[in-house]
Amino acid sequence: INDPVTTSISGLIQLESGQNISLTFRPAGTPGSFSASVTLPALDEVAEGVFVLRESGALPQVIPISLAVSPKSSAKAGGAEIFDFGVQQEVLNTISHATGGIDLSLQVPDVGRIASEVRYSYLYPWLILLAVTFLAIALWAEGRRTN
C-alpha cells in the first residue's frame, strides 16, 4: 500500500463576522504529526465560523466551530471558568458534616480512618448447629422406627 505521509498542513479559522485567523502548523514528533498555536480574539458573544484545514495534495477539510465568550468578559466570582458561580462553602460544610465527609481543601484525609475494616464472618457455628439438628432428627427418626 502506498500511503504518503503528509508533509505540510495549513489552517484558517473563518468567523461569520468576516475575521480570518491563520494558523501556522509545525512538524511535531513523528512524521505526519503537526502542532499549531493560536491567539483568539476576546469575544463578547459566541462566535460561529469554520476551521479550514488544508493538507498538501488533498481537498480542504471544513469543520464548523463555535468559539466561546472570552473568560475575561464573563468570569464570575469563583474563578476563570465561563459558568463558574463560585463555591457554596456553607452547603459543602452541611453535606460533609451530615455524611461524615471532609473538605479536602482544608485537610488531608486520614487513610486509616477511611480504610475498610476486615470483618470475618465465621460459618462454623451455623454448620455445627446444622449438624446437631440433623443428628437430633436422625436419632428421633431411629427411635420412632424401633418402637
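Not measured: the values here are computed from a predicted model. (Residues numbered from 1 in each chain as written. Predicted model: local features only at pLDDT ≥ 70, side-chain atom pairs only at ≥ 80, totals over all residues. Heavy atoms only, no water.)

A contiguous nonpolar patch, built from Leu123, Trp126, Leu127, Leu129, Leu130, Phe134 and Ile137 and spanning about 810 Å² of accessible area, is present on the exposed surface. Position of Trp126 relative to the elements: it lies in helix 4 (residues 124–146). (Patch = residues over 30% accessible without salt bridge, like charges linked within 9 Å, V, L, I, M, F, W, Y side chains within 5 Å. Areas by Shrake-Rupley, 256 points an atom, 1.4 Å probe, with all protein chains shown as cover. Salt bridge = Lys/Arg side-chain N within 4 Å of Asp/Glu carboxyl O. Helix = DSSP H or I, 4+ residues; strand = E, 2+ residues; numbered from the N terminus.)

What follows deals with the pairing of strand 5 (residues 47–55). With 7 bridges joining them, strand 1 (residues 9–15) and strand 5 adopt antiparallel strand pairing. Residue Gly11 lies in a different strand from strand 5, and its bridge partner there is Leu53. Here strand 5 runs beside strand 6 (residues 61–67); their pairing, made up of 7 bridges, is antiparallel. Paired with Ala47 across the bridge in strand 6 is Leu67. Following strand 5, the chain reverses through 5 residues before pairing antiparallel with strand 6; Gly57 in that reversal takes a positive phi of roughly 80 degrees. (Pairing = 2+ DSSP bridges.)

It is worth spelling out the pairing of strand 1 at this point. A large share of strand 1 lies buried, amounting to 5 of its 7 residues. Relative to strand 2 (residues 20–24), strand 1 runs antiparallel, the two being bridged by 5 bridges. Residue pairing across strands places Gly11 opposite Leu23, the latter belonging to strand 2. Hairpin connection between strand 1 and strand 2: a loop of 4 residues separates the two successive antiparallel strands, and Gly18 in this loop has a positive phi of roughly 100 degrees. (Buried < 20%, exposed > 50% of the residue type's maximum accessible area, 1.4 Å probe, protein only.)

With that out of the way, let us pick up the sheet that holds strand 5. Strands pair in a sheet through their backbones, by hydrogen bonds, and they do so in one of two ways: parallel or antiparallel. Strand order in this open sheet of 4 strands is 2-1-5-6, and the pairing throughout is antiparallel. Edge strands, defined here as strands with exactly one partner in the open sheet, are strand 2 and strand 6. Taken pair by pair, the neighbouring strands of this sheet meet at an average axis angle of 20 degrees, ignoring direction. (Axes fitted to C-alpha atoms, helices over the stretch in contact; angles between N-to-C directions.)

Before going further, it helps to examine the nonpolar core. Most often, soluble globular proteins keep nonpolar side chains buried together rather than apart. With 12 residues, the main nonpolar core is built from Ile9, Ile13, Leu15, Ile21, Leu23, Phe34, Leu43, Ala47, Phe51, Leu53, Ile65 and Leu67. At the level of elements, strand 1, strand 2, strand 5 and strand 6 are the ones that each hand at least two residues to this core. If near-sequence neighbours (up to four positions away) are discounted, Ile21 is found in contact with Gly11, Leu12, Ile13, Leu15, Val38, Thr39, Leu40 and Pro41. (Core = buried A, V, L, I, M, F, W, Y, C linked by side-chain atoms within 4.5 Å. Contact = heavy atoms within 4.5 Å.)

One pass over the full model with this rule turns up 2 aromatic pairs. In textbook terms, an aromatic cluster arises when at least three aromatic residues are bridged by ring pairs, as seen for Tyr120, Tyr122 and Tyr124. (Phe/Tyr/Trp six-rings, centres within 6.5 Å; stacked < 30°, edge-to-face > 60°.)

For the chain, mean pLDDT is 80; residues scoring 70 or higher make up 80% of the total. Taken as a whole, residues 73–78 scores under 50 in pLDDT and shows 13 contacts with residues more than four places along the chain or in a different chain. (pLDDT = per-residue confidence, 0-100.)

Looking now at the environment of Val38. By the element assignment, Val38 lies in the loop between strand 4 (34–35) and strand 5. Using a relative accessible area of 36% as the deciding quantity, one classes Val38 as partly exposed. Spatially, the C-alpha atoms of Val38 and Phe25 are 10.0 Å apart, while their sequence positions differ by 13 residues. In this structure Val38 touches Ile21 and Leu23, once residues within four positions along its chain are discounted.

Structurally, Glu48 can be placed in strand 5. Sequence-wise, Glu48 and Ser66 are 18 residues apart; in three dimensions their C-alpha atoms are separated by 4.5 Å. The residues touching Glu48, leaving out its near neighbours within four places in the chain, are Leu15, Glu16, Ile65 and Ser66. Here the side chain of Glu48 touches Ser66 through a polar contact of 2.8 Å, side chain to side chain. (Polar contact = N/O pair within 3.5 Å; in protein donor to acceptor, adjacent residues only side chain to side chain.)

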